[in-house]
Structures are given as C-alpha cells and as structure tokens.
Amino acid sequence: QVQLVESGGDLVQAGGSLRLSCAASGFTKDYYAIGWFRQVPGKEREGVSCISTSDSHTYYSDSVKGRFTISRDTTKNTVYLQMNGLKPEDTAVYYCAARIILSKSVIAGMNRNSFPYWGQGTQVTVSS
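Residues numbered from 1 in each chain as written. Predicted model: local features only at pLDDT ≥ 70, side-chain atom pairs only at ≥ 80, totals over all residues. Heavy atoms only, no water.

### Considering the environment of Val79
Tracing the chain through its elements places Val79 in strand S8 (residues 78–83). Along the backbone, Val79 and Ala24 are 55 residues apart, and their C-alpha atoms lie at a distance of 7.8 Å. Discounting chain neighbours no more than four positions away, the residues touching Val79 are Leu20, Ser21, Cys22, Ile34, Trp36, Ile51, Ile70, Ser71 and Arg72. (Helix = DSSP H or I, 4+ residues; strand = E, 2+ residues; numbered from the N terminus. Contact = heavy atoms within 4.5 Å.)

Structural data, given as structure tokens:
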C-alpha cells in the first residue's frame, strides 16, 4: 500500500550540499515516522534521520547532527533531507523508510527492523 520513491542523489565534492527527496503515497489515517537510512557495501544499514507525521518530532544520528536537516511538505506528501557540509564518509546509498507510530511518539533511534516500508535507494557520492 505504502510506496516511497527517493531522488536527489548525486556526486558532489567534500563540503558541498545536496537535497534528497522522498515522495510518499498510499498513507492511511495512521501516523508514520518517515526517514532516511544509508548503507555502504560491507556495512550494516545505518539510521540517519527521521521525522514524525504526527508532531514533526525529529531524530538525527550523532554523525549528521548540525549538518543535515530533515523536513516534510504535507501538501506534496514529501520528506526532504537537506545535507550540508558533506564529508567523504557520507558516501552511501540512501534509503527512504517509513513505519507506523502512535499519535505521540518520541523517536530515540532508528531500528532497521521496525521499518516495513522502503524506497529503492539513491546514491550519494562525496569526493575527497
């Protein structure tokens, strides 16, 4: 039912910026947490940032705090990830993901196994 489509991945130089988009469809009247994971070959998929559709509560991993900003456009049903001050270690395939949550939830982390809905991924490459 739920579909997520990512876009915006590109090749950029260190220190540059990039904006990822996740277009969502098929949502019901439930509340969702929508966010981004990233994965490098040989490593576990890592939670990056997430936002709640109920109260816009946000979560950021320590590695991206102060550099990345997550937001959402309710009219377009799209979640954005603004990435500034990109570093080579940010290079990865970025996946949009979503899960149903309670109306009021604190997002303290991102467990990959708790997110049943996934996009196809978009490649972000940061050159050094």
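Read on, since the account is not over.
### Considerations on the state of the cysteines
Scanning the model with the defined rule gives one disulfide in all. Between Cys22 and Cys96 runs a disulfide, and the two sulfur atoms are separated by 2.0 Å. Across the S-S bond linking Cys22 and Cys96, the dihedral sits near -80°, which makes this disulfide left-handed. Highlighted residues: Cys22 in strand S3 (residues 18–25) and Cys96 in strand S9 (residues 92–101), separated in sequence by 74 residues. With relative accessibility at 0%, the residue Cys22 sits in the buried group. Using a relative accessible area of 0% as the deciding quantity, one classes Cys96 as buried. Cys50 takes part in no disulfide bond, and the closest cysteine sulfur, belonging to Cys96, lies 8.9 Å away. (Disulfide = S-S within 2.5 Å. Buried < 20%, exposed > 50% of the residue type's maximum accessible area, 1.4 Å probe, protein only.)

### A word on the pairing of strand S5 (residues 46–52)
Counting buried positions over the seven residues of S5 gives six, a clear majority of the element. Here strand S4 (residues 31–39) pairs with S5 via six bridges, running antiparallel. Note that in S5 the partner of Arg38 across the bridge is Glu46. (Pairing = 2+ DSSP bridges.)

### Considerations on the nonpolar core
Ranked by internal contacts, the top residues of the largest apolar core, which has 26 residues, are Trp36, Phe68, Leu81, Met83 and Tyr94. Taken together, the elements giving at least two residues each to this core come down to S3, S4, S5, strand S7 (68–73), S8, S9 and strand S11 (122–127). Ala33, Cys50, Ile107 and Phe115 belong to the second-largest nonpolar core, a separate cluster that totals nine residues. (Core = buried A, V, L, I, M, F, W, Y, C linked by side-chain atoms within 4.5 Å.)

### Section: the environment of Gln39
Counting through the fold element by element, Gln39 comes out in strand S4. Sequence spacing of Gln39 and Val93 is 54 residues, and the spatial spacing of their C-alpha atoms is 5.4 Å. If we ignore the near neighbours within four places in the chain, the residues touching Gln39 are Glu44, Arg45, Ala92, Val93 and Tyr95. Within the structure, the side chain of Gln39 is placed 3.2 Å from the backbone oxygen of Lys43, a separation counted as a polar contact. Among the polar contacts made by the side chain of Gln39, one reaches the side chain of Arg45 at a distance of 3.1 Å. (Polar contact = N/O pair within 3.5 Å; in protein donor to acceptor, adjacent residues only side chain to side chain.)

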